Amino acid sequence: MPPRQQDQPERALAGRGIGALRNRVRQLLARGDGSARVRRRMKLTAAIWRNLGVLRFTLFAVGYLWLLALPLPQLGTGTYIDENALQPSQVNTYWSWDDVRRADKFLEEVESLRDRNASSAERAAYFTTEFAKLGIPSATQHYSIRLESQNLTGSNSYAVFSAPRTSGIEAMIISASWKSLTDGYNLRGVSAVLSLAAFLKQYSHWSKDIIFVISDSYLDGMHAWLSAYHGSPPSNADVEPLSISSGVVWTALNIDYPGHSFSHLGVFREGLNGRLPNQDLINSFRVISHHTGGVPVLLYDHHEPTDFPGRETIRHFFSWIPKGLWERGEVMDYGYRAMNILRQFGYQARGRGSGVHGLFHQYRIDAITLFAVPSNGPHGFHALGRTIESTLRTMSNLLERLHASFFFYIMATPSSFLKIGSYLPSVVLVATALMFGGLGEWVNAGWVEVEDESLTPPAEKKGVDATPPALTKKWVSRRRDLLGALVVVVNSHLIGWNLFVVISRSWFDPSRLEYTIPLACWVALMVIPPAVVSTKSSPPAAEAAPLPIILKAITMWMASTLISVTSVLNFSLAALLAVTLGLPLTFATPSRSLPVRIAKYSLYAALALSWLVFDVGVKQAVWDWQVLGVWFAPLVCLVYVPLVLQAGVVSLLTL
């Protein structure tokens, strides 16, 4: 039975169970008259308030343990293809050894371009000429992107093969960049595109136009070409308009072939700001590669535990635990799945695309990069060509955009994945714990316990010694003044904006401590004065809530809302925020000891700003924002840093 059919009875049973539980709770809450329902809800609210600490601890524990359990195979399910029109690996392929020899000839000429250090314009002119020789309309596009520190210039080459039997309103793309994701040259990927152009034009069974793109550099070339194709060039770029165009692009394949030969084909799928392609494209390629090309498929370049390189990688991954434990099959399987999930988290949380394909997703184009994992063999142009030909035939079968399968998923292995319902609750539980914590602080801010001397009984007889009666305490309400807390919040975010402006400047060098240390100290200190002034001018605690309580409530609300909203847009980023904000914001409490307060604030400042010492990461994040529009750098400076520093201010002040 297919995996999808196996899951249907389980999903139906789970749905009936959840529905029955929900109806039972509603019946219990709705039973009786109106006053009885009010009393029950008051009792429930009181029980939650009495056990709020236990409830928050439970939510945190379950949420974080759930994150650790994501690599377990019990949470995953097998991959399957939803779109019936795809029909992967159901056609005969015609890619032959003659096409391989043509690819080898192209490779010799491309290598000569590299060896004589040809300029980008010379390379683009050569590629355009070769496309024209094949009888395919081609053109060259020049671009220039202005940055704070430099200008990126280059030239792209592209060609459009019009499907002879269609109107040309739909298209698919085959692309290769001059540089590989390994930082080397992608010469064989470029040669494969040229050879595929010569091969594919011989056939008339295509239902969509085929666009061949050889982009300059790594990411910036394709970014310039895509922005021009869709008529949305970036404001900081001079992009030459395209002289040749086609229809709406549905799917794209990017070829990255840096070595001489390869043993596996790795799939890279992450796009900018956490976007993912429809899973049907990945699943179809895996089936085609296995049955048509005879090439095993990997996630990224991670070998499975059954392969020797995979075992060595997992052994290094688990070097901190006893050898006898990591050699167990269950532990190795967990480690393999964990490496794949962490790799996806690493790309998505930073908003970086894992390859050139990641630039397509923002235009609603499902795209992946096929990475030929370098090896001494046994595969080369022949297996790659057969696999790509069959994949293009499958993509050509589409009658509409891919939509039936998943767009939100975590791939644990090439043949298994986690659905959104299997991983989303983990960070939602952490966000709920933060929300409950903020509500608890808000309630505490509105009430204060004072001594009630009016209820103290007087001495029964004057002049007679009597034991002083115990003072009676009562709860009284007090004001919640938001102005002081809002001043601190606005000031911290303005400081974060200034931090972002500084690290974006060309003169700022994160590798030099004489820049990063003064900047971090300035940011950490400038948050304090408004908080101190607001505290000094605030009324007594019996009349109005102290600033630290109000500020902590607002900070926890903001963090909870941020994590909840981000979880459905970019789960990996939400998980990172849940780990870095959940417990630190919860443990932010005022103290009466000045050394303790200073030490705690120093720890929060280090948590907020220690990333400045990672110069390569800072430069890359700023480059991604300025060139590709990735949100990670502004989010860290404008949201994460202010929230952590606000928690530090809570710990620095006293009640």
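What counts, and at which threshold
Residues numbered from 1 in each chain as written. Predicted model: local features only at pLDDT ≥ 70, side-chain atom pairs only at ≥ 80, totals over all residues. Heavy atoms only, no water. Helix = DSSP H or I, 4+ residues; strand = E, 2+ residues; numbered from the N terminus. Buried < 20%, exposed > 50% of the residue type's maximum accessible area, 1.4 Å probe, protein only. Contact = heavy atoms within 4.5 Å. Pairing = 2+ DSSP bridges. Axes fitted to C-alpha atoms, helices over the stretch in contact; angles between N-to-C directions. Patch = residues over 30% accessible without salt bridge, like charges linked within 9 Å, V, L, I, M, F, W, Y side chains within 5 Å. Areas by Shrake-Rupley, 256 points an atom, 1.4 Å probe, with all protein chains shown as cover. Salt bridge = Lys/Arg side-chain N within 4 Å of Asp/Glu carboxyl O. Phe/Tyr/Trp six-rings, centres within 6.5 Å; stacked < 30°, edge-to-face > 60°. Lys NZ or Arg CZ within 6 Å of the ring centre and 35° of its normal. Core = buried A, V, L, I, M, F, W, Y, C linked by side-chain atoms within 4.5 Å. Right-handed = clockwise from strand over helix to strand, strands pointing away. Parallel < 35°, antiparallel > 145°, perpendicular 65-115°, else oblique. Left-handed = near helix turned anticlockwise from the far one by under 90°. Expected span 1.5 Å × (residues − 1). Arc of directions from axis to C-beta.

Enquirer: Please set out the overall build of the protein chain residue by residue, giving values where relevant.
Expert: The secondary structure content of the protein chain amounts to 21 helices and 14 strands. Put simply, the protein chain has 655 residues, and 52% of those count as buried. A separation threshold of at least 6 residues defines the contact pool for the protein chain, and within that pool the share at least 24 residues apart is 82%.

Enquirer: Run through the sheet that holds strand S5 (residues 209-215), naming residues and quoting values.
Expert: Read across the sheet, 9 strands follow the order S6-S2-S3-S5-S4-S7-S10-S8-S9 without closing on themselves; strand pairing throughout is mixed. Two strands bound the open sheet, and with one partner strand each, they are strand S6 (237-239) and strand S9 (297-299). Taking each pair of neighbouring strands and ignoring which way they run, the sheet shows an average axis angle of 25°. Bridging between strand S8 (residues 261-268) and S9 involves 3 bridges; their strand directions are parallel.

Enquirer: I'd love a proper account of a nonpolar patch on the surface, names of residues and values included.
Expert: Together, Trp49, Val443, Trp447 and Trp475 give the surface a local cluster of nonpolar side chains, amounting to about 450 Å² of exposed area. You can see Trp49 is positioned in helix H2 (residues 34-50).

Enquirer: Account for the packing of aromatic side chains, with residues named and values stated.
Expert: One pair of aromatic rings is described through two measures. These are the centre distance and the angle between the planes. The final tally for this structure, using the stated rule, is 25 aromatic pairs. Look at Phe508 and Tyr515: their rings are 6.2 Å apart centre to centre, the planes differ by 25°, and that puts the pair in the stacked class. Taken together, the ring pairs connect Tyr94, Trp95, Phe199 and Tyr203 into an aromatic cluster. Directly above the aromatic system of Tyr515 lies the positively charged group of Arg512, at a separation of 4.8 Å from the ring centroid.

Enquirer: Help me get a handle on the nonpolar core, residues and values and all.
Expert: One finds Leu499, Ile503, Phe571 and Val641 to be the most contacted residues of the largest nonpolar core, which totals 76 residues. Counting residues per element, this core draws most heavily on helix H21 (residues 632-652), which supplies 13 residues. Once you skip the residues sitting within four places of it in the chain, Phe571 turns out to touch Leu67, Leu70, Phe345, Ile410, Tyr423, Leu424, Ser426, Val427 and Thr566. Judged by nonpolar contacts, the second largest core, of 68 residues, contains Ala103, Val267, Ala383 and Leu392.

Enquirer: Describe the pairing of strand S4 (residues 170-177), with residues and values.
Expert: The buried fraction of S4 amounts to 7 of the 8 residues, a majority that puts the element mostly inside the structure. Pairing geometry for S4 and strand S7 (residues 248-256), over 6 bridges, is parallel. Within S7, the position partnered with Ile174 by the bridge is Leu253. Here 7 bridges tie S4 to S5, and the two strands are oriented parallel to one another. Among the inter-strand pairings, Ile174 is bridged to a residue of S5, identified as Phe212. Once the chain exits S4 it traverses helix H6 (residues 187-200) before rejoining the sheet at S5, and the crossover so formed is right-handed.

Enquirer: Which residues make up the packing of helix H14 (residues 483-503) against helix H17 (residues 547-567), and what are the values?
Expert: A pair of packed helices is captured by two measures, namely the crossing angle of their axes and the spacing between those axes. Where H14 contacts H17, the two axes come as close as 9 Å, and the packing angle between them is 50°. In terms of orientation, H14 and H17 fall into the oblique class. The handedness of the crossing between H14 and H17 comes out as right-handed. Across the interface between the two elements, Gly484, Ala485, Leu486, Val488, Val489 and His493 of H14 pack against Leu547, Ile550, Leu551, Ile554 and Met558 of H17.

Enquirer: Please give an account of the pattern of salt bridges that cites residues and values.
Expert: Across all of its chains, the model carries 18 salt bridges by this definition. The partner of Arg102 in a salt bridge is Asp99, with the nearest N and O atoms 2.8 Å apart. Of the two residues, Arg102 and Asp99 are both situated in helix H4 (residues 97-115); the distance of 3 residues between them amounts to about one turn of the helix. For Asp99, a relative accessible area of 4% puts it in the buried group.

Enquirer: Give a detailed account of the environment of Leu152, specifying residues and quantitative values.
Expert: Relative to the elements of secondary structure, Leu152 occurs in strand S3 (residues 151-161). The sequence separation of Leu152 and Ser217 amounts to 65 residues, and the corresponding C-alpha distance is 9.5 Å.

Enquirer: Please set out the pairing of strand S2 (residues 138-146) residue by residue, giving values where relevant.
Expert: Judged from the 9 bridges that link them, S2 and S3 form a sheet pairing that is antiparallel. Pairing of Arg146 across the sheet is with Asn151, part of S3. The antiparallel hairpin formed by S2 and S3 contains 4 residues in its connecting segment. Both S2 and S6 contribute to a ladder of 3 bridges, which runs antiparallel. The partner of Tyr143 across the bridge, within S6, is Val239.

Enquirer: Go over H4, please, and point to the residues and values.
Expert: Taking 1.5 Å as the rise per residue, H4 with 19 residues should run 27 Å; its terminal C-alpha atoms sit 27 Å apart, in good agreement. Of the positions making up H4, those classed as buried are Asp99, Val100, Ala103, Phe106, Leu107, Val110 and Leu113. The buried residues of H4 occupy an angular sector of 120° when the element is viewed end-on, so they sit on one face. For H4, exposure combined with an orientation more than 90 degrees from the buried face picks out Trp97, Lys105, Glu108 and Asp115. The secondary structure elements touched by the buried residues of H4 are helix H5 (120-133), H6 and helix H12 (381-396).

Enquirer: Any chance you could break down the packing of H17 against helix H18 (residues 571-586) for me, citing the residues and the numbers?
Expert: With their axes 8 Å apart at the nearest point, H17 and H18 run at an angle of 160° to one another. Considering the angle they form, H17 stands roughly antiparallel to H18. Between H17 and H18 lies a crossing whose hand is left-handed. Listed contacts from H18 to Lys552, Thr555, Met556, Ala559, Leu562, Ile563, Thr566 and Ser567 of H17 are Phe571, Leu573, Ala574, Leu577, Ala578, Leu581, Leu585 and Thr586.

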